[in-house]
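Residues per chain are reported as follows:
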Amino acid sequence: MRSISVAIDGPAGAGKSTVARLVAQQLHLTYVDTGAMYRAVTLQALKRGIDVTDEGAVARLANQMDIALTPADGELDVFVDGQRITEEIRTPEVTTHVSAVAGNPEVRKILAQKQREMGEEGGVVMDGRDIGTHVLPAAELKVYLTASIEERAQRRYNELVQKGYQLDWEQLKEEIRYRDEQDRNRQHSPLKPADDAVHLDTTGLTIPEVVQAILDLSRTKV
Ligand code: C5P
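For clarity, every value in this text was computed on a predicted model and none was experimentally measured.

### A few points about the sheet that holds strand 4 (residues 75-80)
What the 3 strands build is an open sheet, ordered 3-4-5; its pairing is antiparallel. Strands at the two margins of the open sheet, each flanked by one partner only, are strand 3 (67-72) and strand 5 (83-84). Two elements, strand 4 and strand 5, share 2 bridges in a ladder whose sense is antiparallel. Paired with F79 across the strands is R84, a residue of strand 5.

Right under this line is the structure:
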């Protein structure tokens, strides 16, 4: 029997990755973090001194890269050409430049193709911005996760402070707002809910509550 696919989209900091990973664990499905793939291309461009706004050069880079997402201890390890870059893709520097790479139509085409291949057999929980609308439009369950900008900024702040970064809360909020605006207004597969997505506002909800809500929804799809 073909397993279901779950698409989880939404703005930055809505808790998609944490929730998607836990839902995948509970349903014994494969978790695919598509943001990690855009981050991996961004990191490699920065490492090689490639201008992230040079669409041709970044697309050539994306085309040559072998990106692998490997489950490890309940988390997801990210490898590029065999090198582990799991932590490096989360630095503020990568976050600052990722919108430019995500707005590159050729890069989107290359990564969306890889993502479709990962999801073609079903059995995935994939999170991103365009999964329900573009990458897996036939996913059995589509969830659009949101939360207030204050709550999203606070979650990101806590996460980064825990990792040892010193940050300005207002600046972080602005960065999230900027990234959302870029994602919503780009020409190719912008961030928006699929027509048949279930909207879930996670403001004030705990992670287990959000996970449970999605598990309940998934039961209606099997
Ligand atoms: O999910 P995360 O915040 O790690 O994603 C990083 C960036 O990758 C987002 O800000 C967005 O610009 C881009 N992205 C995208 N489409 C996806 C997943 C992520 O454009 N499916």
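### A closer look at the pattern of salt bridges
Overall, the coordinates contain 17 salt bridges when judged by the stated rule. Ionic pairing is found between E87 and R84, a salt bridge with its closest N-O pair at 2.9 Å. In this structure, E150 engages K173 in a salt bridge whose closest nitrogen and oxygen atoms are separated by 3.1 Å. Residue E150 is found in helix 7 (residues 149-162), and its partner K173 is found in helix 8 (residues 169-185); the two are separated by 23 residues along the sequence. On the basis of relative accessibility, which here comes to 39%, the residue E150 falls in the partly exposed class. Here the residues in one salt-bridge network are D77, R84 and E87, joined through shared partners.

### As for helix 7
Over its 14 residues, helix 7 runs 20 Å from end to end, which matches the ideal 20 Å to within 8%, given 1.5 Å per residue. Along helix 7, the residues that are buried comprise I149, E151, R152, A153, R156 and L160. Downstream of helix 7 by one or two residues, G164 has phi in the positive range, about 100 degrees.

### Some points on the pairing of strand 6 (residues 124-128)
Burial runs high along strand 6: 5 of the 5 residues are buried. Side-chain alternation along strand 6 places V124, M126 and G128 on one buried face and V125 and D127 on a second face that is also buried. The pairing of strand 1 (residues 6-9) with strand 6 spans 4 bridges and is parallel. If you follow D9 over to strand 6, its bridge partner there is G128. Sheet analysis places strand 2 (residues 30-33) next to strand 6, joined by 4 bridges and oriented parallel.

### A closer look at the side chain of T34
By secondary structure assignment, the location of T34 is in helix 2 (residues 34-47). Among the polar contacts made by the side chain of T34, one reaches the main-chain carbonyl oxygen of D127 at a distance of 2.6 Å. Apart from residues no more than four positions distant in its own chain, T34 is found in contact with Q115, M126, D127, G128 and I131.

### Comments concerning the nonpolar core
Ranked by internal contacts, the top residues of the largest apolar core, which has 55 residues, are I8, V41, I67, V107, V125, L145 and I214. If you tally residues by element for this core, the top one is helix 2, at 7 residues.

### A few points about helix 9 (residues 207-219)
Between the first and last C-alpha of helix 9 there are 19 Å, a value that for 13 residues agrees with the 18 Å anticipated at 1.5 Å per step. Within the span of helix 9, buried status applies to V210, V211, I214, L215 and S218. Considered in projection along helix 9, the buried side chains sweep an arc of 135 degrees and stay on one side of the axis. Projecting away from the buried face of helix 9 at angles above 90 degrees are the exposed residues P208 and R219. Tucked into the core, helix 9 has its buried residues touching strand 1, helix 1 (16-27), strand 7 (141-146) and strand 8 (198-201).

### Details of the site of the ligand
As a structural note, the neighbourhood of the ligand is formed by 15 residues, with R39, R108, D130, R179 and D183 the closest of them. Within the contact set of the ligand, an oxygen atom lies 2.7 Å away from a side-chain nitrogen or oxygen of R179. One of the side-chain nitrogen or oxygen atoms of D183 is found 2.6 Å away from an oxygen atom of the ligand. Burial of the ligand by the surrounding chains reaches 98%, relative to a free accessible area of 460 Å².

### Here's the deal with the packing of helix 3 (residues 55-64) against helix 5 (residues 105-119)
Relative to each other, helix 3 and helix 5 sit at 15 degrees, their axes nearing to 8 Å. The pairing of helix 3 with helix 5 is recorded here as roughly parallel in orientation. Between helix 3 and helix 5 the crossing geometry is left-handed. Residues E55, V58, A59, A62 and N63 of helix 3 form the contact with helix 5, whose own contacting residues are P105, E106, V107, I110 and K114. Residue composition of the contact of helix 3 with helix 5, grouped by class: 6 nonpolar, 1 polar and 3 charged.

What counts as what
Residues numbered from 1 in each chain as written. Predicted model: local features only at pLDDT ≥ 70, side-chain atom pairs only at ≥ 80, totals over all residues. Heavy atoms only, no water. Pairing = 2+ DSSP bridges. Helix = DSSP H or I, 4+ residues; strand = E, 2+ residues; numbered from the N terminus. Salt bridge = Lys/Arg side-chain N within 4 Å of Asp/Glu carboxyl O. Buried < 20%, exposed > 50% of the residue type's maximum accessible area, 1.4 Å probe, protein only. Expected span 1.5 Å × (residues − 1). Polar contact = N/O pair within 3.5 Å; in protein donor to acceptor, adjacent residues only side chain to side chain. Contact = heavy atoms within 4.5 Å. Core = buried A, V, L, I, M, F, W, Y, C linked by side-chain atoms within 4.5 Å. Arc of directions from axis to C-beta. Near = heavy atom within 4 Å. Areas by Shrake-Rupley, 256 points an atom, 1.4 Å probe, with all protein chains shown as cover. Axes fitted to C-alpha atoms, helices over the stretch in contact; angles between N-to-C directions. Parallel < 35°, antiparallel > 145°, perpendicular 65-115°, else oblique. Left-handed = near helix turned anticlockwise from the far one by under 90°. Nonpolar A, V, L, I, M, F, W, Y, C, P; charged D, E, K, R; others polar.

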